[in-house]
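Chain by chain, the residues run as shown.
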Amino acid sequence: MSRMLREVVEQAGLEQITVHGGNDVAIESVDFDSRRVRAGALFCCLRGAQSDGHEFAGAAIAAGASALLVDHRIDLDVPQLVVPDTRRAMGWLAASFFRHPGRALTLVGVTGTNGKTTTTHLINSILGAAGLSTGMIGTLTGAHTTPESPDLQSRLAEFVDGGVRAVVIEVSSHALELQRVAGCHFQIAVFTNLGRDHLDLHGTQERYFAAKARLFHPDLADAAVVNIDDPHGRLLMDVGSIPVEGFGLADVSNVSVSATNHSYSWRGQSISVPIGGEFNVMNSLAAATACARLDIDLVTIKRGLEGAAAVPGRFEAVVTGQP
């Protein structure tokens, strides 16, 4: 794919951007790793905990990059896009480069400490039962739970080209902190729960929750469903700036759980999910509530949950004929 830098900048919709050195050059990719740069790349200089991408700008130009995304102008004779936040701008420029693929898709984002992968798979199964061609992005599909924004936008573009209509994405706290979903907009954001993980990045649980809460803002999502049996879910419901619907164990009755199955009654439907473990009751309830919010009928939600496959590595039964 080749795009004129001028068009990519215009269609990114960034409010704070200054172009130095002209923008009438063609770009062939958007990249953030100087080791991956090829001819025609827009190289994005990101500041990280261990290194500063601005220090690799020269190597990127030597490898063929045709322009730079920077947070200050540097002494290189190439077109430079100067922005306050290169991570956020990279997401929007990558989305623009790939012609905003997310706008052609129904996007569902799932965040939380536990349950993201299983909830994502269950939503995917329900969407499939509704007749939608679907895709998933998460822990089981790549090196990062949520890919860096150029890789994420590339995947979304591939989905669109392949006829996919809906994509369910695991959105990690790292992704929200590091602006990996900048350039995306979710029809539904799902909150599963909050534990005490990832404090190496966030420092405190309060900052960890603040990172998760970024998904529940009009800039990123239209509406949300949240676990109100979790105090942080109740907080999101109380202070949310988008329409929020809660779900919890009070929504179900006749709950039965085994090692390989769980079942309950929900909104007049008797549902049996072929995944065991008591905690998965909340995961399937999250998926059901999210899909109902997407106007999928209850019978289809039941069919999608009951037809769900086991999630690899997630409370997965190993059946070898044992009692």
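What you are looking at is a predicted structure, and each value in this text was computed from that prediction instead of being measured.

Asks: Would you mind showing me how to read helix 10 (residues 280–293) here?
Replies: Quick reminder: α-helices carry 3.6 residues per turn. Residues three or four places apart thus point the same way. In this model helix 10 runs 20 Å from its N-terminal to its C-terminal C-alpha over 14 residues, within 8% of the 20 Å that 1.5 Å per residue would give. Taken across its 14 residues, helix 10 has 13 buried, putting it largely inside the fold.

Asks: Got a minute to help me understand the environment of Leu140 in this structure?
Replies: Structurally, the position occupied by Leu140 is in the loop between strand 9 (134–137) and helix 5 (149–161). Setting aside its immediate chain neighbours within four residues, Leu140 contacts Thr117, His121, Val311, Pro312 and Arg314.

Asks: Before we go on, may I ask you to explain the sheet that holds strand 11 (residues 186–191) in this structure?
Replies: The strands making up a sheet associate through backbone hydrogen bonding, with each pair oriented either parallel or antiparallel. If you trace the six strands from one edge of the open sheet to the other, you get 9-10-8-11-12-13, paired in parallel fashion. In the strand order of this sheet, the two ends are held by strand 9 and strand 13 (244–247), each with one partner. Here the average twist between neighbouring strands, direction ignored, is 20°.

Asks: Sorry if this is basic, but what is going on with the packing of aromatic side chains here?
Replies: Each pair of aromatic rings is reported with the distance of its centres and the angle of its planes. Inspection of the entire model under this criterion finds three aromatic pairs. On the basis of an interplanar angle of 80° and a centroid distance of 6.3 Å, the ring pair of Phe191 and Phe216 is categorised as edge-to-face. A residue pair is termed long-range when its members are at least 10 positions apart, and Phe191 in strand 11 and Phe216 in the loop between helix 8 (205–213) and strand 12 (221–227) qualify at 25 residues. Among the residues examined, Phe191 registers a relative accessible area of 0% and is labelled buried.

Asks: Sorry, what's going on with the nonpolar core here?
Replies: Membership of the largest hydrophobic core comes to 33 residues, with the highest contact counts inside it found for Ile123, Val190, Trp266, Ile301 and Leu305. Top element by residues in this core is helix 10. It accounts for nine residues.

Asks: What exactly am I supposed to notice about the sheet that holds strand 2 (residues 18–20) here?
Replies: Read from one edge of the open sheet, five strands run 2-7-6-5-4, paired in mixed fashion. Among the strands making up the open sheet, the edge pair consists of strand 2 and strand 4 (29–31). Going across the sheet, the axis of each strand differs from the next one's by a mean of 20°, ignoring polarity. Both strand 5 (residues 41–44) and strand 6 (residues 67–70) contribute to a ladder of three bridges, which runs parallel. Its bridge partner being in strand 6, Cys44 is matched across the sheet by Leu69.

Asks: Before we go on, may I ask you to explain the pairing of strand 13 in this structure?
Replies: The side chains of a regular strand alternate, first on one face of the sheet and then on the other. Of the strand pairs in this sheet, strand 12 and strand 13 are connected by four bridges, and their pairing is parallel. In the sheet register, Ala224 faces strand 13, and the bridge partner there is Val244. Between the parallel pair strand 12 and strand 13, the chain is carried across by helix 9 (residues 231–239), and the sense of this crossover is right-handed.

Cut-offs used in this document
Residues numbered from 1 in each chain as written. Predicted model: local features only at pLDDT ≥ 70, side-chain atom pairs only at ≥ 80, totals over all residues. Heavy atoms only, no water. Helix = DSSP H or I, 4+ residues; strand = E, 2+ residues; numbered from the N terminus. Expected span 1.5 Å × (residues − 1). Buried < 20%, exposed > 50% of the residue type's maximum accessible area, 1.4 Å probe, protein only. Contact = heavy atoms within 4.5 Å. Pairing = 2+ DSSP bridges. Axes fitted to C-alpha atoms, helices over the stretch in contact; angles between N-to-C directions. Phe/Tyr/Trp six-rings, centres within 6.5 Å; stacked < 30°, edge-to-face > 60°. Core = buried A, V, L, I, M, F, W, Y, C linked by side-chain atoms within 4.5 Å. Right-handed = clockwise from strand over helix to strand, strands pointing away.

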